[in-house]
Amino acid sequence: AAWGSANSWATCVKPYHDRSESPDDPVDLIRTRYSAYAYRLPGYIMITTAQNSPEWKASQNAWEKELLEFSDSYRFLRLDG
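Report follows, based on the coordinates. Once a new chain begins, its residue numbering starts again from 1 and follows that chain's sequence as written. Only residues with pLDDT of 70 or above have their local features reported here, since the model is predicted, and side-chain atom pairs are shown and tallied only from 80 upward, although totals for entire chains, interfaces and linings are computed over all residues. Note that water and hydrogens are dropped before the side-chain values are worked out from all heavy atoms of the structure.

Two rings from Phe, Tyr or Trp (for Trp, the six-membered ring) form a pair when their centres sit within 6.5 Å of each other. Planes less than 30 degrees apart are called stacked, planes more than 60 degrees apart edge-to-face, and all others tilted. The full count for this structure, using the stated rule, is 3 aromatic pairs. With centroids separated by 5.2 Å and ring planes inclined at 70°, the aromatic side chains of Tyr37 and Phe70 adopt a geometry described as edge-to-face. Here the residue Tyr37 occupies a position in helix α3 (residues 26-38), and Phe70 occupies one in helix α5 (residues 60-73), the gap between them amounting to 33 residues. Each residue gets one of three labels from its accessible area relative to the maximum for its type: buried under 20%, exposed over 50%, partly exposed in between, using a 1.4 Å probe on protein chains only. Judged by relative accessible area, which is 33%, Phe70 ranks as partly exposed. Strands are runs of DSSP state E lasting at least 2 residues, helices are runs of H or I lasting at least 4, and numbering of each runs from the N terminus.

Written out as structure tokens, the structure reads:
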């Protein structure tokens, strides 16, 4: 992905959030997940969390609510390339 201030969310991250593309490397995955928190997209966070991860929750509705509350309680700063 072409990351950076000259590129918009629609060109850099939206294809990942729409699941039409998959991140190529761990850094891109981290960037897309960070953006998903900032844009309140809990479904993307949930689908990109491994089931054996301590962050994964079996109760999807409760987890989604928790992720939205987290997103609403933090100020996310811009990521630079």
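Next up on the list: α5. Multiply 1.5 Å by the residue count of a helix minus one, and that product is the helix's expected span. In this model, α5 (14 residues) spans 20 Å end to end at C-alpha, consistent with the 20 Å of a helix rising 1.5 Å per residue. Listed in full, the buried residues belonging to α5 are Trp63, Leu67 and Ser71. The buried residues of α5 all sit within an arc of 75° when viewed along its axis, so they share a single face. Relative to its buried face, α5 has exposed residues pointing more than 90 degrees away, namely Asn61, Lys65, Asp72 and Ser73. Note that the arc is defined by the directions from the helix axis to the C-beta atoms.

Don't take any of this as a statement about function, it's just geometry.
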